[in-house]
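# Notes for the structure review
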Amino acid sequence: MATIIPAAAVPLYAAAGIRHYWRVELDPAPRVLAGDLHAGTYDETEHLAGAIARIEAPFLVSFDPAVLARR
């Protein structure tokens, strides 16, 4: 099950100790933001449509974010 959480919730995730998150944004173009918690803050990596995103934590997945907008 997926839950849509606004970007403003990310600091709350960090405060709660949630180690990883993926945030999907479809506008203006599909992208995935993957956050990894280190020392109380997130290192965030952006994965753009048109390139294969390889996300290794909390488990390995590879895909092009463009597939998220296909209908």
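Our subject is the structure listed above.
Structure report, in brief. (Residues numbered from 1 in each chain as written. Predicted model: local features only at pLDDT ≥ 70, side-chain atom pairs only at ≥ 80, totals over all residues. Heavy atoms only, no water.)

### What about a nonpolar patch on the surface?
For clarity, the threshold we go by: Exposure above 30% relative accessible area and the absence of a salt bridge qualify a residue for a patch, where like charges join within 9 Å and nonpolar side chains (Val, Leu, Ile, Met, Phe, Trp, Tyr) within 5 Å. The protein chains shown are the only cover counted for residues, whose accessible areas, like all others here, come from Shrake-Rupley with a 1.4 Å probe. Put simply, a salt bridge is a Lys or Arg side-chain nitrogen that is within 4 Å of an Asp or Glu carboxyl oxygen. Here a helix means four or more residues in a row that DSSP labels H or I, a strand means two or more in a row labelled E, and each is numbered from the N terminus. Throughout, exposure labels follow a simple rule: accessible area from a 1.4 Å probe, protein chains only, divided by the maximum for the residue type, with under 20% read as buried, over 50% as exposed, and the rest as partly exposed.
Taken together, Val24, Leu26, Val67 and Leu68 make up a surface patch of nonpolar side chains, about 300 Å² in accessible area. Mapped onto the elements of the fold, Leu68 is located in the segment after strand 5 (61-63). According to the relative accessible area criterion, Leu68 is partly exposed, its value standing at 37%.

### Concerning the environment of Arg54
Stated precisely, the cut-off is as follows: Any two residues whose heavy atoms approach within 4.5 Å at even a single point are treated as in contact.
Positionally, Arg54 belongs in strand 4 (residues 53-55). Sequence separation between Arg54 and Asp43 is 11 residues; the distance between their C-alpha atoms is 15 Å. With residues near it in sequence (within four places) discarded, Arg54 still touches His47, Leu60, Val61 and Ser62.

### Quick notes on the pattern of salt bridges
Following the criterion strictly, the structure yields five salt bridges and no others. The partner of Glu46 in a salt bridge is Arg31, with the nearest N and O atoms 2.3 Å apart. Highlighted residues: Glu46 in strand 3 (residues 41-48) and Arg31 in strand 2 (residues 31-38), separated in sequence by 15 residues. The partly exposed category is assigned to Arg31, whose relative accessible area is 23%. With a shortest N-O distance of 3.1 Å, Arg54 and Glu56 are connected by a salt bridge.

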